[in-house]
Structure formats: C-alpha cells, structure tokens
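An overview of the molecular structure
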Amino acid sequence: MRATVCLPTYDERANLEAMLRALGAVLGEGDRVLVIDDSSPDGTGALADELAGELEFVSVLHRPRKEGLGPAYLAGFKRALADGAELVLEMDCDFSHDPADVPRLIAAAENGADLVIGSRYVAGGQVGSWGLTRRVISRGGSVYTALFLRLGVKDPTAGFRCFRRPALEAIDPETITARGYAFQIEMTYRTKRRGFRIVEVPITFDDRTHGASKMSRWIVLEAVWRVPLLRLRG
Ligand SMILES: Nc1nc2c(ncn2[C@@H]2O[C@H](COP(=O)(O)OP(=O)(O)OP(=O)(O)O)[C@@H](O)[C@H]2O)c(=O)[nH]1
Ligand SMILES: [Mg+2]
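Read on for an overview of the structure. This one's a predicted model, so the numbers in the text were calculated from it and none came from an experiment.

**A few points about the overall build of the protein chain**
A tally of helices and strands in the protein chain yields eight helices and nine strands. A compact globule built from 234 residues should have a C-alpha radius of gyration of about 17 Å, and the protein chain, at 16 Å, falls within 12% of that. Projected onto its principal axes, the C-alpha positions of the protein chain cover 50 × 35 × 35 Å. For the protein chain, the accessible surface area stands at approximately 10400 Å², while carbon and sulfur atoms represent 53% of it. Here the protein chain contributes 31 positive and 31 negative side-chain charges, whose respective centroids are spaced 9 Å apart.

So, in structure tokens, the structure goes:
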C-alpha cells in the first residue's frame, strides 16, 4: 500500500537532511515523505526544497506561519489523501521517533489495523533519554486521558502513527481545532468511537540531540481542558 509520511518541521535544519535520507532508506517503492514547514526562521523550508530537488520521494508543503502541530498535520493529511496515499503516517523530525520503526508501523496497518500507534507504554516500549519532568508530564497525560475516555490505548498523546485511508477520511480530522497533545488524543478518540481498530506497537522514544523543543505549557493546558470536554460532548 502506498504510504505518505507527514513530517512537520519548525526549525529542524539540523535534523532534516539526516531524517529524509534515513526515511529514504526504509521506505518502499512509491512511498513518499511530505515535509510540512511553517516558515521556519532557520530556513528549514528552503533546505527542504533543495532536498526535494534531489530526493524524488520528497515533497514540501509551505505554510505561512507557525500554528502548532494540529493545523500542520491537517494540511498534510489533506495533501497526502489528495495525492492518493493509502496509508498516512505522522512522525516528528527530531529523531525522537526512529525512522527504522516506520516499516513496523506500516506492516501493522497492512495487517489490518486502521490506526497504528508507536507506543512508549506498551510492553517492549520505552522512553530513553528524557528528564523526570517530561516523563511525568507524558505519563500524567496518559493517566489523565484514561480518567475521562476509555480508549484502551496506553499512549494516547503519541505522535508516531499510521492511519489507513478509510479511517482518516471517516474521522473528519478537519473539524478538530486542538493543536497540541489534545489533537492526538482527539484523533484517537474519534477513531475509537467510529469502531476502527487501533493497535499499539512498542517503540523506544529518545530525546532530541539537535535543535530545540517546541513543547510549551500551553500544549499541556490545552489537553487538560479539552479532554473532559470530549467526554461531555460524547
Ligand atoms: N509545521 C510545524 N511543525 C511543528 C510545529 N511545532 C512543532 N513542530 C514539529 O513537530 C515535531 C515535534 O515537535 P518537538 O519540538 O519535538 O515537540 P515535542 O516533540 O512535542 O517536544 P520534545 O519532546 O521536547 O521534542 C518536530 O518535527 C517539530 O519541528 C508547528 O507549529 N508547525
Ligand atoms: Mg520532539
């Protein structure tokens, strides 16, 4: 099945080239990578264009301003579906998600899962180099989500995913307004509510070694108020 990896970037100059080459080494014939750059001040967008000139499997979507991960993914999904992708993946460009794990996510979708989540919190999954605060926030996010929503998913905020086309179309992501962790949680919630099959595959998540994190207090707070609302809305 033809897959498109949606790769949102904001100031990822130090990581982009290595990431695209690593993806090129593991992707199959006809698979693509779509870089979604929000006019990074460090010139990631121009570098992406340059690399797309060299690497046939790479396309670039330029967006005028930074609006958070949610809107960047929505733009990417739309393009990937319009281009005919049967599988649509999400992953970070900072090597927290290992490109070598991409084939396992794709294989799980090809074996029948509608949504595959690269999970830190199932047996065999782990978090490598991450400080205590980040571990507590991430774990806390999973526990907090479980308090309100019965997703049956151990890592609902994970950003390493693979959707099958019918599921992605059916959950109508365009109407999701969340931008951070809450975006991933709402995508999972909608997938589950519509009866699609969600499978978690274990991954090891490592902290970035190059570039700066875009995590903010706002992203956490957004999830804190939006998750109970999902439950209320039913
Ligand atoms: N297009 C776009 N990409 C973004 C935006 N915010 C973050 N990204 C990218 O999304 C991916 C994840 O962002 P990170 O900075 O790693 O944020 P995070 O993973 O939540 O935080 P850390 O765990 O600290 O790395 C990276 O590839 C970022 O460059 C945004 O507003 N627009
Ligand atoms: Mg990251």
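Further notes follow.
**Quick notes on the packing of helix H7 (residues 181-193) against helix H8 (residues 217-233)**
Packing of H7 against H8 brings their axes to within 8 Å, and their N-to-C directions diverge by 25°. One way to sum up the angle between H7 and H8 is to call them roughly parallel. With respect to the hand of their crossing, H7 and H8 are arranged in right-handed fashion. In contact with Tyr181, Ala182, Ile185, Glu186 and Tyr189 of H7, H8 contributes Ile219, Val220, Glu222, Ala223, Arg226, Val227, Leu230, Arg231 and Arg233. Tallied by class, the residues present in the contact of H7 with H8 amount to nine nonpolar, no polar and five charged.

**With respect to the site of ligand 1**
Taken together, 20 residues surround ligand 1, and among them Glu12, Asp38, Asp94, Arg134 and Ser213 come closest. One of the side-chain N or O atoms of lysine 66 is found 2.9 Å from an oxygen atom in ligand 1. Here aspartate 94 contributes a side-chain N or O atom positioned 2.5 Å from an oxygen atom of ligand 1. Contact with the protein chains removes 95% of the 630 Å² of surface that ligand 1 exposes when unbound. Here the shell around ligand 1 is composed, by residue class, of eight nonpolar, three polar and nine charged.

**Digging into helix H2 (residues 44-54)**
For H2, the set of buried residues is Thr44, Gly45, Leu47, Ala48 and Leu51. Down the axis of H2, the smallest arc covering the buried residues is 155°, so these residues share one side. When the buried face of H2 is taken as reference, the exposed residues oriented beyond 90 degrees from it are Ala46, Glu50 and Gly53. Contact partners of the buried residues in H2: strand E1 (3-9), helix H1 (13-26), strand E2 (32-37) and strand E3 (58-62).

**Examining the pattern of salt bridges**
Within this structure, the stated rule accounts for 13 salt bridges. Here arginine 63 makes a salt bridge to aspartate 38, at a shortest N to O gap of 3.1 Å. Of this pair, arginine 63 sits in the loop between E3 and helix H3 (69-82) while aspartate 38 sits in the loop between E2 and H2, and the two are 25 residues apart along the sequence. One salt bridge connects aspartate 101 with arginine 104, and the closest N-O pair in it is separated by 3.0 Å. Three or more residues joined by partner-sharing salt bridges are found here, namely Glu12, Asp94, Arg208 and Lys214.

**A look at the packing of aromatic side chains**
Summed over all chains, the structure comprises five aromatic pairs. One aromatic cluster is present, built from ring pairs that chain together Tyr73, Phe77, Phe163 and Phe183. Directly above the aromatic system of tyrosine 10 lies the positively charged group of lysine 66, at a separation of 4.9 Å from the ring centroid.

**Topic: the nonpolar core**
Core analysis: the largest hydrophobic core is formed by 36 residues, its most contacted members being Leu7, Leu16, Leu20 and Leu23. Within the residue set of this core, elements represented by two or more residues are E1, H1, E2, H2, E3, strand E4 (87-90) and helix H4 (102-110). In terms of residue count, the dominant contributor to this core is H4 (five residues). In contact with leucine 16, other than residues within four places in its own chain, are Leu7, Thr9, Val35, Thr44, Leu47, Ala48, Leu51 and Cys93. Within the second largest apolar cluster, 34 residues are counted, among which are Ala72, Phe77, Leu115 and Ile185.

Quick notes on the rules
Residues numbered from 1 in each chain as written. Chains lettered and ligands numbered in written order. Predicted model: local features only at pLDDT ≥ 70, side-chain atom pairs only at ≥ 80, totals over all residues. Heavy atoms only, no water. Helix = DSSP H or I, 4+ residues; strand = E, 2+ residues; numbered from the N terminus. Rg over C-alpha atoms; globule rule 2.2 N^0.38 Å. Areas by Shrake-Rupley, 256 points an atom, 1.4 Å probe, with all protein chains shown as cover. Lys, Arg positive; Asp, Glu negative; His and termini not counted. Charge placed at Lys NZ, Arg CZ, Asp CG, Glu CD. Axes fitted to C-alpha atoms, helices over the stretch in contact; angles between N-to-C directions. Parallel < 35°, antiparallel > 145°, perpendicular 65-115°, else oblique. Left-handed = near helix turned anticlockwise from the far one by under 90°. Contact = heavy atoms within 4.5 Å. Nonpolar A, V, L, I, M, F, W, Y, C, P; charged D, E, K, R; others polar. Near = heavy atom within 4 Å. Polar contact = N/O pair within 3.5 Å; in protein donor to acceptor, adjacent residues only side chain to side chain. Buried < 20%, exposed > 50% of the residue type's maximum accessible area, 1.4 Å probe, protein only. Arc of directions from axis to C-beta. Salt bridge = Lys/Arg side-chain N within 4 Å of Asp/Glu carboxyl O. Phe/Tyr/Trp six-rings, centres within 6.5 Å; stacked < 30°, edge-to-face > 60°. Lys NZ or Arg CZ within 6 Å of the ring centre and 35° of its normal. Core = buried A, V, L, I, M, F, W, Y, C linked by side-chain atoms within 4.5 Å.

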